[in-house]
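# Understanding the architecture of this molecule
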Amino acid sequence: NGYGPGRARHVYYGFILLHTNAEGRDRPLPRSARIIKGVVRRTLATSKFPVPRCVIFALAAKILAKHGVLPALAIVLPFDTYLRAASLLSIYKEDITLPLPSAGRGFRHRCSLLVAPTARGQPTKGGEFDESILVGDKDLWISKAVVSAAPCFSDHGRVFDFSYVEYSEFLRQASQELSL
């Protein structure tokens, strides 16, 4: 019908979120995950997110309720900034620039992140140093969430004080609770 993989994912995950107690063959559209994978392979350039935003936000809401603000923010930020989890988890408070009222009209409400500062000597996976990333480019409220969470950031150390293993566990638990 001319709809791409994004629409297919929304329908599929919508059904799953509505039927969270269904198991195995009782799940709605049991073969649809395999079908969506095939569609995505054919139209890779047009498929940005691995899951629809509503699923990301449902995961973040579960993590927020169980683990607090910073783990939930760590789940949402990569989908706005396309940061890898390892790069995100290595950010320090001084790497975050909060919105500046004197900035230009399009930027006065947005934060930015400095990824892999040269002073630390650790490049990104792509070998880059001093990469600046705008937060809230797609959704302004994510930048506002960073500003709201700023008082929770550690003054001495990483912003997200948990490991990649813990990060993965937050996601796994929330996914299980949502039956994803």
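Residues numbered from 1 in each chain as written. Predicted model: local features only at pLDDT ≥ 70, side-chain atom pairs only at ≥ 80, totals over all residues. Heavy atoms only, no water.

## Section: the environment of L171
Looking at the element boundaries, L171 is found in helix α7 (residues 164-177). Put simply, L171 and A72 are 99 residues apart on the chain and 9.6 Å apart in space, counted from C-alpha to C-alpha. L171 has contacts with L59, I63 and I75, leaving out every residue within four places of it along the chain. (Helix = DSSP H or I, 4+ residues; strand = E, 2+ residues; numbered from the N terminus. Contact = heavy atoms within 4.5 Å.)

## What about the environment of I63?
Of note, I63 is situated in helix α3 (residues 53-67). Taking the C-alpha atoms as reference, I63 lies 7.7 Å from L171; in sequence the two are 108 residues apart. Those residues in contact with I63 that lie beyond four places of it in its chain are G68, P71, A72, I75, F170, L171 and A174.

## Concerning the layout of surface pockets
Space inside the largest pocket adds up to approximately 230 Å³. In terms of lining residues, the largest pocket is bounded by 15 residues, among which S87, S90, A116, Q122 and P123 are the most central. Contributions of two or more residues to the lining of the largest pocket are made by α5 (85-89) and β2 (111-115). Of the residues belonging to the lining of the largest pocket, the class tally is seven nonpolar, four polar and four charged. (1 Å grid on protein atoms, 1.4 Å probe; cavity = no way out; pocket = protein on both sides within 12 Å on 5 of 7 lines; lining within 4 Å. Points joined across faces, edges and corners; volume = space filled by probe spheres on them. Nonpolar A, V, L, I, M, F, W, Y, C, P; charged D, E, K, R; others polar.)

## As for the sheet that holds strand β3 (residues 131-135)
Pairing is antiparallel in the open sheet, where three strands are placed in the order β1-β2-β3. With partners counted over all chains shown, the strands left at the sheet margins are β1 (96-97) and β3, one partner each. Across two bridges, the pairing between β1 and β2 is antiparallel. Bridging across to β2, I96 finds its partner in L113. Packing against the sheet, helix α4 (residues 69-81) makes contact with β2 and β3, and its axis sits at approximately 105 degrees to β3. (Pairing = 2+ DSSP bridges. Axes fitted to C-alpha atoms, helices over the stretch in contact; angles between N-to-C directions.)

## With respect to empty space enclosed by the protein
All told, the structure shown has one cavity of 30 Å³ or more when counted by the stated rule. By volume, the largest cavity amounts to about 60 Å³. Residue assignment for the lining of the largest cavity shows that the elements contributing at least two residues are α3 and α4. Of the residues that constitute the lining of the largest cavity, the class distribution is six nonpolar, no polar and four charged.

## A word on the nonpolar core
Across soluble globular proteins, you tend to see nonpolar side chains buried next to one another. Within the largest apolar cluster, 38 residues are counted, with the highest numbers of intra-cluster contacts made by L77, V146, F153 and F160. At the level of elements, α3, α4, α5, β2, β3, α6 (140-149) and α7 are the ones that each hand at least two residues to this core. The greatest single-element share of this core, amounting to seven residues, is contributed by α4. Once you skip the residues sitting within four places of it in the chain, L77 turns out to touch Y82, L88, V135, I142, V146 and F160. (Core = buried A, V, L, I, M, F, W, Y, C linked by side-chain atoms within 4.5 Å. Buried < 20%, exposed > 50% of the residue type's maximum accessible area, 1.4 Å probe, protein only.)

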